[in-house]
Structures are given as structure tokens and as C-alpha cells.
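Each chain, letter by letter, is given below.
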Amino acid sequence: MSSLGSEGVLAGMTDDNLCMEIDPPLTDDYATTEDWRWALGKVVPSVVVLRTTICRTFDTEAAGASQATGFVVDKHRGIILTNRHVVKPGPLMAEAMFVNREEIPVYPVYRDPVHDFGFFRYEPSAVQFLDYDEIPLAPEAARVGLEIRVVGNDSGEKVSILAGTLARLDRDAPLYKKDGYNDFNTFYIQAASGTKGGSSGSPVIDRQGRAVALNAGGRTSTASAFFLPLERVVRALAILQKGNDSVTNKASIPRGTLQATFLHKGFDETRRLGLRSKTEQVVRNASPPAETGMLVVDSVVPYGPADKRLEPGAADKRLEPGDVLVCLNGEVTTQFLKMESLLDDSVDCKVELQIERGGKPLTLTLTVQDLHSVTPDHFLEVGGAVIHPLSYQQARNFHFQCGLVYVADQGYLLSRAGVPRHAVIKKFAGEDITRLEDFVSVLSKLSRGVRVPLEYISYKDRHRRKSAIVTIDRHEWYAPPELYTRNDSSGLWTIRPALPPESPLLSPPLTNTVADLSAASVLLHDFSLQEPRQERDNRDNAVPERVIEPSLVMLEVHVPLSCMLDGVNSKHFSGTGVIVYHSQNMGLIAVDKNTVVVSVSDVMLSFAAYPIEIPGEVVFLHPVHNFAFVAYDPSALGPGASLVRAAQLLPEPALCRGDSVYLVGLSKSLQATSRKSFVTDPSAVLDIGSSHSPRYRATNMEVIELDSDFGSKFSGVLADELGRVHAIWGSFSNYVKYNSSSSEGQHQFVRGIPIYAISQILDKIVSGADTGPVRLVNGIKRNMPLVRILEVELFPTLLSKARSFGLSDTSIQALVNKDPIRRQVLRVKGCLAGSKAENVLEQGDMFLAINKDPVTCFRHIEDACQQLDRCNQTNGVLTLTIFRQGREIEVAVGTDVRDGSGTTRMINWGGCVVQDTHSAVRALGFLPQAGHGVYVVKWCHGSPGNRYGLYGTQWIVQVNGKPTPDLDAFSAVTKEIEHGEFVRLNTIYLSGKPRVLTLKQDLHYWPTWELRFDPETAMWRRTTIKALESSIV
């Protein structure tokens, strides 16, 4: 076959018409090394590295930081040409770096709605130390066989020069993504040049130093590059230059559209589509000899200018896929360039199209639409979600009508409701939504905490509407809703409040009370459950299941993306909890900390005893044990309050090996599920390693293991035959590294958590007798308990192993007498950094006794710490007998007091979440010197932290040379930094390695704000620390 193809090529060379397209003799186009050296010497100084930060997800582009290439096309006006997918359609901050490492700010001035080119503007006087020139554009010089060079930032390199040869001038526009940006209605140039990431926007130059095309994309598998022709770029640049020279310094680049996509098909295929022979003859005679095809309609956007589906007899008045374009305004049109020129010059005017549809000639009259009118230039940001009118780009991708209300980013508000990205909103709070203004109007009528229905469609399941329940944030996780509008004069997006001042949403509740849930939850006031149901069968587990079921609750926990503190690695958790207290004023649920991870979260409760969903509030997180307490308001249950009851707890006697228990929990459908199991190990010790990003892990705990359960995702309780609770069957997380790579995965498993520790804390909360911090719970101020702990991580060692370390027979016998079952000694694995035990205990120390009383398990230590509180010992010191390096010695070790509030304060600076060092980090055994510093836990996409590499898991110890030992100092220092200033940061990694980096502050898109828990109102309050006047919230 290849030989036949070769023969066909040779035969074609004898045809005079084809010979017209063969390149001139090589001798006329031959470029020497000196030619290229001269051309590159002229071009390279004009090529810049573009470092861009997409501040918000918008339209086809996601927030993030990237780098690309551009080149100067107008030195005197300061205009840089690059790709549209570099300039981006949404909010963006960018810098250009010249070859001499001069870096200047640049601002987007134009991005084409369809074709892959755009312009940045810069101040020419800002370049002070470089002699450079502009690169001329020569689209007419592009031809097959032309030797070219691609000059740009390839694969992150400062300057990279790749050679190639133009192979095709009529390639179809490449398809990049089905739900992202794609170019269309144009040819592309293909070349054998393996460009890579970062080279987007590079000039494709000839030996004369002229840009003949613009690098846009490539296919790495075939080392092919795709270049955009420059004809439409030249037109746009000329209009832009004229606008810059005008008095108003504004330019409007006319762009017309019929909202139809055309493909260039060969005459052979157009004949198969029904093109008549006489029409083909007319077209061939009117076209250049090298023309080989015609334009064919590929797709039409619904309800666009070319659709007209609502008009009577619309079939003969609109374009349809497969239509062959013959003439446009009476001129034979077979090329994209001619069609685009006619449309761009006819905005808001009618054009006449002569087409053939299946051999039938038709004449259509269509109105050319302004392409910029279907390209959104504004969006709403609410609860982290970005919502705007559906663009022509995405309407074409999804086959939807332009202008519909489109979800570019779900944020927290919509992701919590399960609404996906790319969704189109059809109804909100019962009202039809056709425009963004409709959505804002409905939003302005809502109050904080309400739950309202939302209906949407997705392009992946376009024929069915889906519904979701959207919860308006009760807490101030995010700024109030804002409208962003693009301003091409400044290159920024102006920001203004989206809601009127009188909107209920702008008036946060004074206290954390339950909002009206009638829109989402069905409160059946006539509802009455039947009498406690009869035993369904003779199963052994039927009685405990029936007794426990009214006490079980399913928890759905959502963590705001802007507040993922303490190393939280997920935004959604779920699990089963058990009601341990239920009165008229307060209900308390005990649940594992793998379900309720941090206090900065929204908790929704679904009760097995009554069909209702109400919010809960995290009121206590145990600093060591894997359990938390969530409070709820019993009055929110309505008639269900009398059906819900607290479980009976049975802390003593402790379970033993071989005991039978009943594992009872809830299925996803809130059905009680149970089975009888046997205890295989009542005192199994956990050994959970630290993750790459430290987060809570259970330490110093003994758990219960069973012979059988329902799998790693089933949680609940362990009860006896009467339904009394011995333990919570809770979820734990372990972090497993994959082979030798640095990536890790989260492994979830379940174990029993003895109820004794839960019972002790519960008694303190209910009695309110503790002297801990005061917080509001269901409108009543309560003293929350403090927990005295020895901040040391321990692990057990068998006495047989301890003997090998030199432990005496006397000590071994004393430990055996104390606990003949465990036969172990506790050893120090490490002390928490900053704890009172840090400078007293050493790794490997063996605990023998506390105050002369032998110690063999973690509970003995906890009991000794609690004894200090009961004895009102103010110094909180334990006298430990330890075995160290062959000697038994006594040491006085101080204990630490911790509350159950968790982290209650954070600062968002430069898009980075900054907090005090949490205990999971301190457990690594290291803190920076001189006041520790503030800890960066995460960063946000598209933020300065993302752009400049201020990632999580490091401390900031100095800002511009000023120490930042805590959040107060950090807040004071950063408040002095103005917008656009570069900041010098001294940071320290978890490994102890110091680092210095710089960061440019952006207060326009990323103001500095603080989130703090207010115990007086039980609300999380957001306060702006530093912002531009237009960005203050």
C-alpha cells in the first residue's frame, strides 16, 4: 500500500495545478546557521515567560497557577501576544519575565471568545535593562515545508528553542476536552515539533525572525505540534492598537457568530451528503485551484441565531448538521477565514446563506450575533461557589442554550448538596431560574441556616432533572455573596456586594439556633409511630437491636473548603453515633473522631427513631481518645422528641476475651442492623503511623476486637443482651504509603472504643461542675470539661522483651502481680513537642509505677492524672518510676491540661490557612525554636500561596524579618503589608529544614481574614484583617 501511495504522489507532481502549491526550490529557502543565529538573536529578547495565577474557577478554566510563553508584538504600547487559554476568561494575575530576568506585572486586555489567542498589556517603561524589539507577524509566510523554530518556555525551562517543519496548513482544530475550552471554525497548522508544557503562546518564527504562527498545543505521543494561524490575530491587534491611540484608550474588537460550528469536508464527502454536481462545479470554478472541499455544519447551539426552532416552519429557516455552505452574502465561501471575516463585519446585521441539504438548495437569512454577548464577563461567588451565565464555549460543548445559570465551581455551598460542576440550575427555592439575576433575587430573600430545594440538569444526564437540598451557611465560613465584573481597562475584575443591605442573609443570627427547616425537612405533626414493634423473629440479637435503635443517629459531616484545619484531608464524613444524653434542653451524641474530625464543620443528624434531619454542633473533641460529643436541640425534633431516647451505658465491668456482644448499627437506609459476635481481644493496642500531612491519629488507646463484623465502613455500638452499651464501634484511619513512592492512602478500619472514658466526660458535661471553658449549648451556657493528660506517646512491650533490656525480676514480678493478663510494660515512643514531659522523659523509657503504684496500661495513667484533679493538686506533677539505660529512677513529670474545643481560630492570608500548631504536628516531636511560629495547614488553588509555593506542613517563623511566634503577632505583621508588595518569609518544614521564599500580596482577590469561634454565641465569626476598599467584606 505504501508503494501505491508513493506512485500516486509522483503522478500528482506532473499536474500543473498541483505544482503551483509546491514550495519554491530549496535554494531560495535554505537557511544557514548564521541566518538562524541572527533571527534568534533578534527574537529571543522579545519572548517572555508568563507566570499566571487563575484566581477563581470560571467558564472553561479551573483556578490554579501555571506558566506559559508570550512575545512582544507592540513594544511602544506594551502588548504581548499569547494563547487564549493562557490569558484565561476569568480573574487572573500575571507577571512576565524577560530573558534578562526582569519581571513586570501584565494585565489581560483581550481574549478571543473562540480562537486560541489573547493579549496582555504592560507598561513599557517598566523594562529598564533590556534592549529588545517587537516580533512582526507574517501569517502569509506560512507554507508547507517551511523550516521553523519555536522559541519559548518549554517544560519549565527559561528559554527553549525547538526546530520543526510545517507539515499541514489545513488541520482540523484540535479537540482538547469535552467539557473545557476548544477552538473551532478555523484551520490549524501542524508541524513535526515536540513542544511540551509551558510552550503555549510561543512564537513560531521563520529564518527572518517573523512570527508565522502561534504555538497552541501538541500531541506528545506523536511529537506533533499545533499552531494557530495569525490572520485573525493581525486584525485584532490592529484594532487594539487603534483603540490604544484613541482618546478613550478603549478598543472593541467586533466578533460575530451564528452559534454554529463548521467543519471543512472534502468534495468526496460533500457529494455523499447530497451536494449536486452542478453546485460543485460552480464552487470549483469560483475557488482557487487548490481548493479541495467545502464548509459543512457540524453542530448548532440550541436557540441560537442559526437555530430558530421556535419559529413556524423553522426546519427551512435554520441550519442543521450536514448542511453544506455554498454562498455567504452571495459569495462562494469554502474557507473559514472568509466566513469569519464576513461574520465579524456583520455584527447585529442579517446575512444570507445559500446551503444544500441532502441535495435540496435552501436560502436562509440569519442575524449575526455579537460573540462577546454570549461570552460571560461577570459571575456570582457565594459560599465558595462560582455561578455565571453559560458561555458559548460550554453551550457548544454541552448542547445547551447560552445564558443559562451555570455552575463553574460548586464551592462549599453546592458541593455539600451534591450539585456537580458543570450543572445548570433550573429551580431554586421553588422559583424558576433562567438568568443569574433570578438566582441572586431568590438568594437575597433567604436567611442563614435555611434549607431550600434546588433543581438542576447535567450534560452527562441531560434529559432528567435532579434535585438537591441546599443549606445556606449558618456560620460565617465565607464572605457574603459578591458579584465580580470584568474590567478590560484595568485588567482586574471589580467586586461589589451581590445582595442589598436589607437582605436577611446579611444579618447573621445572634446565637447558634436551629433555623426553620420546613423547606427541606418534613415535620409530620400528625405523625405517630406505632407502639414499639414486636420482636420480628427469634434471633438472639432482636432484643438489643430493638432497644438500641431509638438511640442511633446517622451523622453527615461537612467541612468547609476554606477552613480545613488540623490536617483534615476530606470535606465529607459520615458514620453512626449513639445518643448518650437526652433531656428537654439538650441532647448529646457520642461518635468517633474519624466521623467528626474538627469542630469547624457542619453536622446534620438523621434519627433512626423519627424521620427528620436536624443540625448538630460539635461541643467536645477528646484530645487523645477517638470520640467526640455532638449536641442537638431536642425541641427541633418536634413530636419525635418523645420517641428518641438515650442509650444505657455500662462502663463496668470491662469486657473480657470470649464475651458475647451484639454489634448494632445503622445501614445507609437508616435501618438497624445487628449481629452477635465474640470478643477476641478486649485490650488490643493501636499502632497508627503519622501521615505526610499530620492529622489526628488515635494513640495511647486500647480497643476491642471482634471475631466478626459488618466491614470497615460499618459503625455503631457494642451492647449486651439487654441493650446496654459496652463500647462504641468506631472508625479509625491509618495511613499507608504505596511502595517506595511518597504518596499515601487512607486505610479505614473499625474497633470498639470502651465506654468508660465517654461516660466520665459525659458526666462532667451534664453536671457542668468542671471549671473548663464556658460555651453556649442550645441557648444555655455550660462549663465544658478539661482533660489532664500526660503528653507522651507510649507503646507496650512484652515483659519477656523487657527482661532482655535489663529490667529486674522484682519489677517484672510487680507488673505481673498488678496485671497477670497483659504482662507488658509501657515504653516511651516520644513526647509531644512543647509538653511538660518533653525535657524529662526520653525515648525508650519504661514506665514502672506512678506514685509507687505499678502501671501496666494506658488507663492507669489516665486514672493517675484524674486523681491529681480530685486532690486539687495545683502543680499537676506525677512521680514516675521509670527504667532507663539499666537503672530504675524516679522523676517528677508535669502533666498538661487540654480542653475539648479543638482549633478555634485561623487566619487566611494569601490564600493559605494559618493556625496554631495542632497536637498531631506536635506529636512528631519537633517545634521551631523562638516561639514556634504559625503553622500553614493548606493553601487554596489560584492563591498567591499556590503561585509562590507556600504550601502546607510548614511554619512561618518570620515575615519581612519580624518574628511571628503566634497568630496575634502574625496578624499584626501582615496587616502592615500593602497590596502588591513582595513579602519575604522565613519558613521551616516539618523536617526542620529552613527555607526563605517571597510572595506577592494580592488583597484584591485574596484579602486577609480571620475565622474565630465565639463561645458566647456558639458561632464562627469571620473578620477582615486587611483588604482593598473594594474587597472589604
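Keep in mind it's a predicted model, so treat the numbers as computed, not measured.

J.: It is not clear to me how the pattern of salt bridges should be interpreted in this structure. Could you clarify?
T.: A pair can form between side chains of opposite charge whenever their charged atoms are brought close. By the definition in use, this model includes 60 salt bridges. Ionic pairing is found between E103 and R947, a salt bridge with its closest N-O pair at 3.9 Å. You can see E103 sitting in strand β5 (residues 103-111) and its partner R947 sitting in helix α19 (residues 944-948), a full 844 residues away along the chain. Linking D307 and R318 is a salt bridge whose minimum nitrogen-to-oxygen distance equals 3.9 Å. Note that D307 is positioned in the loop between β15 (293-300) and β16 (324-328) and R318 in the loop between β15 and β16, a separation of eleven residues in sequence.

J.: I would appreciate a short explanation of the sheet that holds strand β12 (residues 224-228) in the present structure.
T.: Sheet strands line up and pair through hydrogen bonds in the backbone, either parallel or antiparallel. If you walk around this closed barrel you meet the six strands as β7-β8-β9-β12-β11-β10, and the pairing is antiparallel. Strand-to-strand, the axes of this sheet are offset by a mean angle of 45°, without reference to chain direction. Alignment of strand β8 (residues 160-172) against strand β9 (residues 187-191), held across four bridges, turns out to be antiparallel. Counted as the bridge partner of L166 is A191 from β9.

J.: Help me understand the environment of P305 in this model?
T.: Along the chain, P305 turns up in the loop between β15 and β16. Residue contacts for P305: discarding those within four places in its chain leaves T257, L258, Q259, L366, T367 and Q369.

J.: Just to check I follow, could you spell out the sheet that holds strand β6 (residues 118-121) for this structure?
T.: Spatially, β1-β2-β3-β6-β5-β4 is the arrangement adopted by the six strands of the closed barrel, whose pairing is antiparallel. Neighbour-to-neighbour, the strand axes of this sheet turn through a mean angle of 40°, independent of strand direction. Looking at chain direction, β5 and β6 are connected through four bridges and run antiparallel. In the strand pairing of β6, Y110 is matched with F119.

J.: Hey, could you run me through the nonpolar core in this one?
T.: One recurring pattern in soluble globular proteins is that nonpolar side chains are buried together. Within the largest apolar cluster, 49 residues are counted, with the highest numbers of intra-cluster contacts made by L555, V596, L605, F607, V630 and Y632. Every residue in contact with L605, bar those within four places of it in the chain, is listed here: V553, M554, L555, I589, I612, E613, I614, P615, G616, V630 and Y632. In this structure, M586, M701, V703 and I761 belong to the second largest nonpolar core, which totals 44 residues.

J.: How do you make sense of the environment of F710 when you look at a structure like this?
T.: By the secondary structure assignment, F710 is in the loop between β38 (702-706) and β39 (716-719). With a relative accessible area of 33%, F710 lands in the partly exposed category. Considering only alpha carbons, one finds F710 and V664, 46 residues apart in sequence, at a separation of 9.8 Å. Not counting residues within four places of it along the chain, the set of residues in contact with F710 comprises L663, T673, S674 and R675.

J.: Any chance you could explain helix α12 (residues 436-444) here in plain terms?
T.: Each α-helix winds once per 3.6 residues, and so residues spaced three or four apart point in a common direction. With seven of its nine residues buried, α12 lies for the most part within the structure. Among all positions in α12, only L436, D438, F439, V440, V442, L443 and S444 are buried.

J.: How do you make sense of the environment of V470 when you look at a structure like this?
T.: Here V470 lies in strand β27 (residues 461-471). Taking the C-alpha atoms as reference points, V470 and P453, 17 residues apart in sequence, are found 6.1 Å from one another. Excluding anything up to four places from it in sequence, V470 contacts L413, L414, A417, F428, V450, R451, V452 and L454.

J.: Explain the confidence of the model for the protein to me, please; I cannot follow it from the model alone.
T.: Detailed conclusions should not be drawn from predicted coordinates in areas where pLDDT is low. For the protein, mean pLDDT is 89; residues scoring 70 or higher make up 90% of the total. The low-confidence segment residues 1-28, where pLDDT is below 50, has ten contacts with residues more than four positions distant or belonging to other chains. Residue range residues 514-536 is modelled with pLDDT below 50. Its contacts to residues more than four positions away, or to other chains, number 38 contacts.

J.: I'm lost on the packing of aromatic side chains in this one. Help?
T.: A ring pair, where both rings are aromatic, is described by two values, the distance of the centres and the angle of the planes. Enumeration according to the criterion identifies 27 aromatic pairs in this entry. When the ring of F184 is compared with that of Y392, the centres are 5.6 Å apart and the planes differ by 85°; the resulting orientation is edge-to-face. Linking F184 in the loop between β8 and β9 with Y392 in helix α10 (residues 392-398), this pair joins segments that are 208 residues apart in sequence. Residues F184 and Y392 agree in their burial class; the two are buried. Look at Y412 and Y478: their rings are 6.3 Å apart centre to centre, the planes differ by 25°, and that puts the pair in the stacked class. Placement of Y412 in helix α11 (residues 411-415) and of Y478 in the loop between β27 and β28 (482-487) is noted, with a sequence separation of 66 residues between them. The class of Y412 is buried, set by a relative accessible area of 2%. Grouped by ring-pair contacts, the aromatic residues F58, F379, Y484 and W493 constitute a single cluster. Over the face of the ring belonging to W1006 we find R56, whose NZ or CZ atom lies 4.7 Å from the ring centre.

J.: Explain unusual backbone geometry to me, please; I cannot follow it from the model alone.
T.: The omega torsion of the bond from E652 to P653 falls at -5°, within 30 degrees of zero and hence cis. The backbone of D59 sits at a positive phi, close to 55°, despite the residue not being glycine. Its place among the elements puts D59 in the loop between β1 (47-54) and β2 (64-74). We classify D59 as buried; its relative accessible area is 2%. One non-glycine residue, N960, lies in positive phi territory at about 55°. Residue N960 is classed as partly exposed on the basis of its relative accessible area of 32%.

J.: What's the story with the pairing of strand β18 (residues 350-357) in this structure? I'm lost.
T.: Along a regular strand, successive side chains alternate from one face of the sheet to the other. Looking at chain direction, β16 and β18 are connected through four bridges and run antiparallel. By the bridge assignment for β18, V324 is matched with E356. Note: β18 against strand β19 (residues 360-367), eight bridges, orientation antiparallel. Of the residues in β19, the one forming a bridge with V351 is L366. Where β18 folds back on β19, the antiparallel hairpin that results is connected by two residues, among which G358 adopts a positive phi of roughly 60°.

Conventions adopted
Residues numbered from 1 in each chain as written. Predicted model: local features only at pLDDT ≥ 70, side-chain atom pairs only at ≥ 80, totals over all residues. Heavy atoms only, no water. Salt bridge = Lys/Arg side-chain N within 4 Å of Asp/Glu carboxyl O. Helix = DSSP H or I, 4+ residues; strand = E, 2+ residues; numbered from the N terminus. Pairing = 2+ DSSP bridges. Axes fitted to C-alpha atoms, helices over the stretch in contact; angles between N-to-C directions. Contact = heavy atoms within 4.5 Å. Core = buried A, V, L, I, M, F, W, Y, C linked by side-chain atoms within 4.5 Å. Buried < 20%, exposed > 50% of the residue type's maximum accessible area, 1.4 Å probe, protein only. pLDDT = per-residue confidence, 0-100. Phe/Tyr/Trp six-rings, centres within 6.5 Å; stacked < 30°, edge-to-face > 60°. Lys NZ or Arg CZ within 6 Å of the ring centre and 35° of its normal.

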